Amino acid sequence: MVIYVLLGIGIGLIIGLMAGYFLRKNSSEKKIGSAETLAQNIINDANRTAEANKREILLEAKDEIFRLRTEQERENKERRNEVARLEKRVLSKEESLDKKFNSLERKEDQLQQRTNAIASVEEEIESLYQEQKNELQRIAELTRDEAKELLLDEVRNEIEHEQAQIIRNADAKMRDESEKRAREIISTAIQRYAADHVTESTVTVVTLPNEEMKGRIIGREGRNIRALETMTGIDLIIDDTPEAVVLSSFDPIRREVARIALEKLITDGRIHPARIEEMVGKAQLELESIVREAGEQACDDANVHGLHPELVKTLGRLKYRTSYGQNVLKHAVEVSNLAGMMAADLGADVNIAKRAGLLHDLGKAIDHEVEGPHVELGVNLAKKFRENKEVLHAIEAHHGDVDTTTIEAVLVQAADAISAARPGARRETLENYIHRLENLEGIANRFEGIEKSFAIQAGRELRIMVKPDRISEDQMVITAREIAKAIENELQYPGQIKVHVIRETRTTDYAK
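Criteria and thresholds
- Residues numbered from 1 in each chain as written.
- Predicted model: local features only at pLDDT ≥ 70, side-chain atom pairs only at ≥ 80, totals over all residues.
- Heavy atoms only, no water.
- Axes fitted to C-alpha atoms, helices over the stretch in contact; angles between N-to-C directions.
- Helix = DSSP H or I, 4+ residues; strand = E, 2+ residues; numbered from the N terminus.
- Parallel < 35°, antiparallel > 145°, perpendicular 65-115°, else oblique.
- Left-handed = near helix turned anticlockwise from the far one by under 90°.
- Contact = heavy atoms within 4.5 Å.
- Pairing = 2+ DSSP bridges.
- Buried < 20%, exposed > 50% of the residue type's maximum accessible area, 1.4 Å probe, protein only.
- Polar contact = N/O pair within 3.5 Å; in protein donor to acceptor, adjacent residues only side chain to side chain.
- Salt bridge = Lys/Arg side-chain N within 4 Å of Asp/Glu carboxyl O.

S.K.: Before we go on, may I ask you to explain the packing of helix α5 (residues 252–268) against helix α6 (residues 273–302) in this structure?
M.R.: The description of two helices packed together rests on the angle between their axes and the distance between the axes. Two elements in contact, α5 and α6, have axes whose closest approach is 8 Å; the angle formed by their N-to-C orientations is 125 degrees. Relative to α6, α5 is oriented oblique. The handedness of the crossing between α5 and α6 comes out as right-handed. Here I253, E256, V257, I260, A261, K264, L265 and D268 of α5 lie close against α6, whose contacting residues are R275, I276, M279, V280, A283, Q284, E286, L287 and I290.

Given below as structure tokens:
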């Protein structure tokens, strides 16, 4: 029974499995068929959509092509219109040019006719001129060259007279307007300022307590004198001068260091190379202090403040510098004060004038150590310590190396000349003095019509005697001006030189 039951169950399971298989197979086939139908529908829809999009894109493309074609046609039309307009303008200009060309041709014909007419008239005038010239020569009994020379002489005399008159008028006007004021300013400045000047030279004399000291200064086999000369850079001259030795050097600073060191050695009494080296070092330190104090004192005397300490120190070195016997530091202070006084009278910048006047010869403090003219050295040194451009210009222009562009520079130039040229300020050798006077007289004597010339007033005035039959009153004025210009161009001198031309005519007769 159980077997039948189990058999029935197994048969039922087999039947169920087979039924399930067939049911599942039918269901799958139905699903596959439905999927294929759906896929076909989707494909058909996609084809229809694609066809519609294709038609739409074709329509848009056709519209775009039509639009572009329309725009191109419009642009072509505009270009054709522009070309047509330009062609009209070109044609119009060609017509205008043709008209102008025709007009120019007519004017050229007219001009040629006038030229021919003028040439004919000129020939007629030349013929008449020749006839008149021949007639004048016949009447005047003079050749053409003689008449020309006579006429030129008359014109030359008239021109010389007018030139002399112009010079007289200009000189008179200039004197009336400026001489009184200039004399007043300069004389007031000189009267308000007075300074002592110390005369220095290239040698310094050191007094010795006795003659024995000369031997000690020389030392064994000259070792002491060699050490002193080597360390100071000076020449020590020991001669027959009693109780004195001479220190010689063109550098005043070295000469002063040697003097201080030698006096200290003489006072100390111990003279040997090691002691000399020690005293030279002390003398250098002492001199630096003296130089700085001298610079500060000069600034106080000139009432110029705010200078860089190095400029003050360099300025103090001028205490030992001379120019033609004039102490340069005293000269700088004097120029500063004179320039400041004149600037105050003229309404110029007093501070700039005084500052530039004090620093104008700054380069002379270092011209023994650095190559170059003292003007250039002074400008570079002042520029290094940031002096303003007005002061730099005044320093650069005080010898006329550059043209002055400020009134302060002119005043410094004038104050420098006043300080150097005033009586007793400078000295020069007899040979240089005579040579300068001879040059002055030589310049005057080479001019035509000069009889004699005399340099007087230490070369500050040149008196010239002219031949009255060779130089007239009018020519005398021109001659004086030409000689003054020659002196300005050929000579260098402080201040000014007066050129005085004298023409004298004497007549003598006797009553019998």
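Still more ground to cover, so stick around.
S.K.: What's the story with the sheet that holds strand β7 (residues 461–466) in this structure? I'm lost.
M.R.: Sheets are built from strands that pair by backbone hydrogen bonding, the pairs being arranged parallel or antiparallel. If you walk across this open sheet you meet the 3 strands as β6-β7-β8, and the pairing is mixed. Of all the strands in the sheet, the pair left with one neighbour each is β6 (450–456) and β8 (498–502). The sheet shows a mean angle of 20 degrees between the axes of neighbouring strands, direction not considered. Sheet topology note: the β6/β7 ladder contains 6 bridges and is antiparallel.

S.K.: What is the right way to look at helix α11 (residues 389–397) in this model?
M.R.: The periodicity of an α-helix, 3.6 residues per turn, causes residues three or four places apart in sequence to face the same way. Buried within α11 are the following residues: V391, L392, H393, A394, I395 and A397. Of the residues that open α11, the one with a side-chain oxygen 3.2 Å from the backbone nitrogen of E390 is N388.

S.K.: What exactly am I supposed to notice about the environment of L208 here?
M.R.: With respect to the helices and strands, L208 occurs in the loop between β1 (203–207) and α3 (212–218). Remark: the alpha-carbon pair of L208 and L262, spanning 54 residues in sequence, is separated by 9.9 Å. L208 has contacts with M213, K214, I217, E243, A244, V245 and I266, leaving out every residue within four places of it along the chain.

S.K.: Explain the pairing of strand β3 (residues 244–248) to me, please; I cannot follow it from the model alone.
M.R.: Regular strands have side chains that alternate between both faces of the sheet. Here β3 lies mainly inside the structure; 5 of its 5 residues are buried. Neither face of β3 is exposed, since A244, V246 and S248 on one face and V245 and L247 on the opposite face are all buried. Pairing of β1 with β3 involves 5 bridges; the strand directions are antiparallel. Within β3, the position partnered with V205 by the bridge is V246. For strand β2 (residues 235–237) and β3, the ladder comprises 3 bridges, and the chain directions are antiparallel.

S.K.: What am I meant to see in the pattern of salt bridges here?
M.R.: Under the definition given, this model contains 17 salt bridges. Notably, a salt bridge pairs E82 with R85, separated by 2.2 Å at the nearest N-O pair. With E82 and R85 both in helix α1 (residues 2–140), this residue pair falls 3 residues apart, about one helical turn. Among the residues examined, E82 registers a relative accessible area of 33% and is labelled partly exposed.

S.K.: How should I be thinking about the sheet that holds β1 in this particular structure?
M.R.: Taking strand neighbours across the sheet as the criterion, the 3 strands line up as β1-β3-β2 in an open arrangement whose pairing is antiparallel. The strands lining the two open edges of the sheet, one partner per strand, are β1 and β2. For this sheet the average axis-to-axis angle between neighbouring strands, irrespective of direction, equals 25 degrees. Against the sheet, α5 touches β1, β2 and β3, its axis set at about 10 degrees to β1.

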